[in-house]
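# Commentary on secondary and tertiary structure
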Amino acid sequence: RPLLSRNYASASSPHALIFLEHRQGVIDSGSLSALTAASQLGGQVTGLVVGSSEHVPTVVDKVKKLKGLTSLLHSTSDLYSQQLPETLAPLLQKLLSGSEYTHVVSTPTSLAKSLLPRVAAILDVPAVSEITSLEHDSSSNSTTFTRPIYAGNAISTVRLPSSVPIKFFTVRATNFDPAPSEESQEIDVKAVDPVDVQDCPTEHISTQLAKSDRPDLSVAGRVVSGGRPLKNAETFAATLNPLADILGAAVGASRAAVDAGYADNSLQVGQTGKVVAPELYMAIGISGAIQHLAGMKDSKMIVAVNKDPDAPIFQVADVGLVADLYEAVPQIIEKLKQ
Ligand SMILES: Cc1cc2nc3c(=O)[nH]c(=O)nc-3n(C[C@H](O)[C@H](O)[C@H](O)COP(=O)(O)OP(=O)(O)OC[C@H]3O[C@@H](n4cnc5c(N)ncnc54)[C@H](O)[C@@H]3O)c2cc1C
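Residues numbered from 1 in each chain as written. Predicted model: local features only at pLDDT ≥ 70, side-chain atom pairs only at ≥ 80, totals over all residues. Heavy atoms only, no water.

### A look at the domain arrangement of the protein chain
Split by domain assignment, the protein chain resolves into domain 1 (15-191) and domain 2 (222-337). Put simply, the middle of domain 1 and the middle of domain 2, counted by C-alpha atoms, are 32 Å apart. In this assembly, five residues from domain 1 lie in contact with seven residues from domain 2. Counting the surface domain 1 buries against domain 2, the share from its top three residues, Ala151, Arg172 and Thr174, is 71%. Summed over the shared surface of domain 1 and domain 2, the result is zero salt bridges. (Domains from an automatic or database assignment. Contact = heavy atoms within 4.5 Å. Buried area = accessible area lost by both parts, 1.4 Å probe. Salt bridge = Lys/Arg side-chain N within 4 Å of Asp/Glu carboxyl O.)

Right, here's the structure in full:
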């Protein structure tokens, strides 16, 4: 009978490969959110950890306890001590070619944004970037994603049908809770051989990391951001750091502040900077251009201080103060001290 045959003909269940990122042995928090998203596909999830012998064992120990992972692969090589997309792509290509994997998942870090589309192109399949929700239909073997477009001003829904054998996507971390660890978890852990790359087209020379004692902007529970009226790097720091300190907050900046050299590039919030969704976001002297809003409008509580009552930031702010920031910020700090 048709009903029965339909039952028997049901398509294979999904099996995702998740590229788990780490820096110097510390697992990237976005990867934890990507794992939650991968689990929502409703099938198996295999993790992949790649790096040098210095870091891989530590990461593997932590990662194998993550809830939602059903197995774990790791690959160790000096070749992977600096994670270049050109050296990692051949490894992924080998793992995926002729495999049972149905999805490839990662967090949209700068590495993954370069790596996933590269491997997808090699395999001649599309890639969907920065999804905010997903739904897998096992019977039709299709996956439907939502993702923001036009700097977050529209949500597009896209479906990858069964004709796409491996579905690549990156996950916007602010839309998925990070996967927790489970002490008791026992999963299959397997080493895979690195893939040697002859004549690598790029060579890593050096990395300059912005150092900070503050919480990491992308995952901070509170963020204090400043814009163009902060005048210069000294005034920016002198005005915002005491407020961030008292709140235990990370510091962010608008593009105007970054372009003018008041703040490091790594602090830019927005469409072309970081996307944050903290409990508290304080926008100090920021007009609220759509490109800035794209990076912070999902924050739980938005506070704006701006002397222009018509500034667009007030349209998204939960609490707005029309005032000169040079008067208001010291007063807010005083109040918080009390
Ligand atoms: C392709 C593209 C990508 C972009 N990506 C980003 C991005 O990722 N992030 C981003 O932030 N921008 C981005 N931008 C730039 C964006 O369009 C705005 O130019 C920028 O956000 C403006 O920064 P701002 O709010 O600090 O400056 P302004 O727009 O100049 O606003 C300053 C605000 O401070 C107020 N102000 C002035 N003095 C005081 C005072 N004493 N006290 C209180 N308030 C005061 C003013 O009323 C004004 O509202 C992008 C633009 C483009 C074209």
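### Brief notes about the nonpolar core
Counting residues in each nonpolar core, the largest one holds 30 residues, and the members touching the most others are Val63, Leu69 and Phe169. Counting residues per element, the ones that place at least two in this core are β1 (15-19), α2 (29-39), β4 (44-51), α3 (56-63), β7 (127-131) and β11 (167-171). In terms of residue count, the dominant contributor to this core is α2 (five residues). Residues in contact with Leu69, not counting those within four places in the same chain, are Ile18, Leu20, Leu35, Val45, Thr46, Gly47, Val63, Gln185 and Ile187. Counting residues in each nonpolar core, the second largest holds 25 residues, with Phe19, Tyr80, Ala89 and Leu116 among its members. (Core = buried A, V, L, I, M, F, W, Y, C linked by side-chain atoms within 4.5 Å. Buried < 20%, exposed > 50% of the residue type's maximum accessible area, 1.4 Å probe, protein only. Helix = DSSP H or I, 4+ residues; strand = E, 2+ residues; numbered from the N terminus.)

### As for the UniProt feature "domain: Electron transfer flavoprotein alpha/beta-subunit N-terminal" (unreviewed entry) in the protein chain
Mapped onto this numbering, the UniProt entry gives "domain: Electron transfer flavoprotein alpha/beta-subunit N-terminal" (unreviewed entry) at residues 16-204. With 23% helix and 32% strand, residues 16-204 has its two end C-alpha atoms placed 30 Å apart. (UniProt positions renumbered as here; feature names shortened; annotations may be inferred.)

### Considering the site of the ligand
Among the 26 residues in the neighbourhood of the ligand, the closest are listed as Arg228, Ser254, Thr272, Ser287 and Asn306. A distance of 2.9 Å is found between an oxygen atom of the ligand and a side-chain nitrogen or oxygen belonging to Gln268. Where the shell around the ligand is concerned, the elements lending two or more residues are α7 (255-259), α8 (290-293) and α9 (325-337). Grouping the constituent residues of the shell around the ligand by class yields nine nonpolar, twelve polar and five charged. (Near = heavy atom within 4 Å. Polar contact = N/O pair within 3.5 Å; in protein donor to acceptor, adjacent residues only side chain to side chain. Nonpolar A, V, L, I, M, F, W, Y, C, P; charged D, E, K, R; others polar.)

### Focus: the pairing of β4
Of all eight residues making up β4, seven are buried, and the element is well covered by its neighbours. Bridge count between β1 and β4: five bridges; the pairing is parallel. The residue bridging Ile18 from the neighbouring strand is Gly47, located in β4. In the sheet, β4 pairs with strand β5 (residues 71-76) via six bridges, with the strands oriented parallel. Looking at β5, one finds that Val50 is bridged to Ser75. In terms of handedness, the path from β4 via α3 over to β5 forms a crossover that is right-handed. (Pairing = 2+ DSSP bridges. Right-handed = clockwise from strand over helix to strand, strands pointing away.)

### Topic: the packing of helix α4 (residues 85-96) against helix α5 (residues 110-122)
For the pair α4 and α5, the least separation of the axes is 9 Å and the interaxial angle reads 45°. Relative to α5, α4 is oriented oblique. As for how α4 packs across α5, the hand of that crossing is right-handed. The segment α4 lies against α5, with Pro85, Glu86, Leu88, Ala89, Leu92, Gln93 and Leu96 engaging Leu111, Ser114, Leu115, Arg118, Val119 and Ile122. (Axes fitted to C-alpha atoms, helices over the stretch in contact; angles between N-to-C directions. Parallel < 35°, antiparallel > 145°, perpendicular 65-115°, else oblique. Left-handed = near helix turned anticlockwise from the far one by under 90°.)

### Concerning the sheet that holds β4
Spatial strand order, β7-β11-β6-β1-β4-β5-β12: seven strands in an open sheet with parallel pairing. Looking along the sheet, the strands with just one partner apiece sit at the ends: β7 and β12 (188-191). Here the average twist between neighbouring strands, direction ignored, is 20°. Strands β1, β4, β5, β6 (103-106) and β11 of the sheet are contacted by α4, whose axis makes an angle of about 150° with β4.

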